[in-house]
Amino acid sequence: GLSKKSQDNKLPASLRCIVNKIEDGSIKNVVTLVGAGISTAAGIPDFRSPSSGLYDKLQEYNLPFKTAIFDGSYFEQNPKPLFRVLRDCFFKTHPKPTKTHFFVKLLEEKGVLRRHYTQNIDGLDRLAGISHDKLVEAHGTMQSAHCSECQEVYSLPWMMLQLESNPVPKCAKCPGVVRPDIILFGEYLPDDLTKRMKEDVGECDLLIVMGTSLAVHPVSTLVTSMRPQKFRIFINKSNSGNRIPGVDPCCGRRYEFPDKQVWVEASSCDVIMYGDCDDCIDLLTGWLGWSESLIELIQNA
Ligand code: CNA
């Protein structure tokens, strides 16, 4: 039978349908795609949010162009800005996974997660416990590092210690610069990434996209290559929903959830939730009847 929650007529039909199908087991291959917006609540700025995003905060770095800070060729000439951002913006505050990260882990525990694609390099997806075989860190991770000359492997704590006294960490075995295992602009993405995406999107019956501007390829093609009549949920605090490639403009009713400052628009297969992602997750887990499991998961983490 349908739970009371999912019969709630305050939900758009497509959202009710998604909740029912997760409950009755007919949605069992959920793919999640996330970006920097799911880690802002952990204290890590994103790139593109106006004023709070890193791109608006780089004046003092004297960069030739904004994206230089994460640019592979620029890094080879001048690695200092990247390490400074790493030290000051990513790990100074010892960030912890957010509710949204744990929601993805909960999907795995409920047996419905096919794959989690993260564009983030902060490693919080791993720290939330998402299994290695479910996790694709599409742009690499800062949790590990290696010497750019001799390939010696180093950890994030080692690098953070180095950065306390040295703007550029150097290898203990050779004069090479030790760089985090992230993929910078202009560098190659993992060989099997597109193949994997194709397989996952083919099997996927629900795609959940959270906290990303979808500005970076190729992961954004997960969204555009979804088959018709499959469900998608988009969660973003801004109006970027209007710019989601391939999503019907939603001109229907607007569903308001003022307690959480969230509103929802939907078409027959797409649901767009506008609001802070942790707030949207509170609502979503409520509709699924999973609120207690999420709290338990976070408490036991
Ligand atoms: P982006 O382009 O900065 O977009 C972030 C998106 O998240 C924006 O659309 C925001 O509106 C939205 N957003 C921000 N905060 C919230 C929130 N609390 N709730 C809901 N939505 C929110 O970042 P993308 O990830 O889309 O771009 C891809 C780049 C950014 C990747 O290569 C990342 O490596 C890189 N990046 C990663 C991190 C990280 O690892 N935490 C931080 C900054 C940048």
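Quick caveat: nothing in here was measured; it's all calculated off a predicted structure. (Residues numbered from 1 in each chain as written. Predicted model: local features only at pLDDT ≥ 70, side-chain atom pairs only at ≥ 80, totals over all residues. Heavy atoms only, no water.)

1. Considering the UniProt feature "active site" (unreviewed entry) in the protein
Part 1 of the reasoning: Residues given the UniProt feature "active site" (unreviewed entry) here are His139.
Part 2 of the reasoning: For histidine 139, the location among the structural elements is in the loop between β3 (135–137) and β4 (140–147).
Part 3 of the reasoning: Relative accessible area serves as the criterion here: at 13%, histidine 139 is assigned to the buried category.
Part 4 of the reasoning: Beyond its immediate sequence surroundings of up to four residues, histidine 139 is in contact with Thr118, Gln119, Ile121, Ile182, Ile183, Leu189, Val216 and Val219. (UniProt positions renumbered as here; feature names shortened; annotations may be inferred. Helix = DSSP H or I, 4+ residues; strand = E, 2+ residues; numbered from the N terminus. Buried < 20%, exposed > 50% of the residue type's maximum accessible area, 1.4 Å probe, protein only. Contact = heavy atoms within 4.5 Å.)

2. Re the pattern of salt bridges
Part 1 of the reasoning: Tallying each qualifying case throughout the model produces 15 salt bridges.
Part 2 of the reasoning: Between aspartate 200 and arginine 115 there is a salt bridge, and its shortest N-O distance comes to 2.9 Å. Separated by 85 residues along the polypeptide, aspartate 200 in helix α8 (residues 193–203) and arginine 115 in strand β2 (residues 113–118) bring together distant segments of the chain.
Part 3 of the reasoning: Take arginine 115: its relative accessible area is 13%, and that puts it in the buried class.
Part 4 of the reasoning: In this structure, lysine 173 and glutamate 152 form a salt bridge, with 3.3 Å as the shortest nitrogen-oxygen distance. Of this pair, lysine 173 sits in the loop between α7 (156–165) and β6 (178–182) while glutamate 152 sits in the loop between β4 and β5 (153–155), placing them 21 residues apart in sequence.
Part 5 of the reasoning: A residue is classified by how much of its surface remains accessible, and glutamate 152, at 27% relative accessible area, is partly exposed.
Part 6 of the reasoning: One network of salt bridges, in which partners are shared, links Glu60, Arg84, Arg87, Asp88 and Lys92. (Salt bridge = Lys/Arg side-chain N within 4 Å of Asp/Glu carboxyl O.)

3. Concerning helix α4 (residues 80–91)
Part 1 of the reasoning: Taking 1.5 Å of rise per residue, 12 residues should cover 16 Å, and α4 covers 16 Å from first to last C-alpha, within 8% of that figure.
Part 2 of the reasoning: Among all positions in α4, only Pro81, Leu82, Phe83, Val85, Leu86, Cys89, Phe90 and Phe91 are buried.
Part 3 of the reasoning: On the buried face of α4, the contacting elements are α3 (72–77), β4, α7 and β6. (Expected span 1.5 Å × (residues − 1).)

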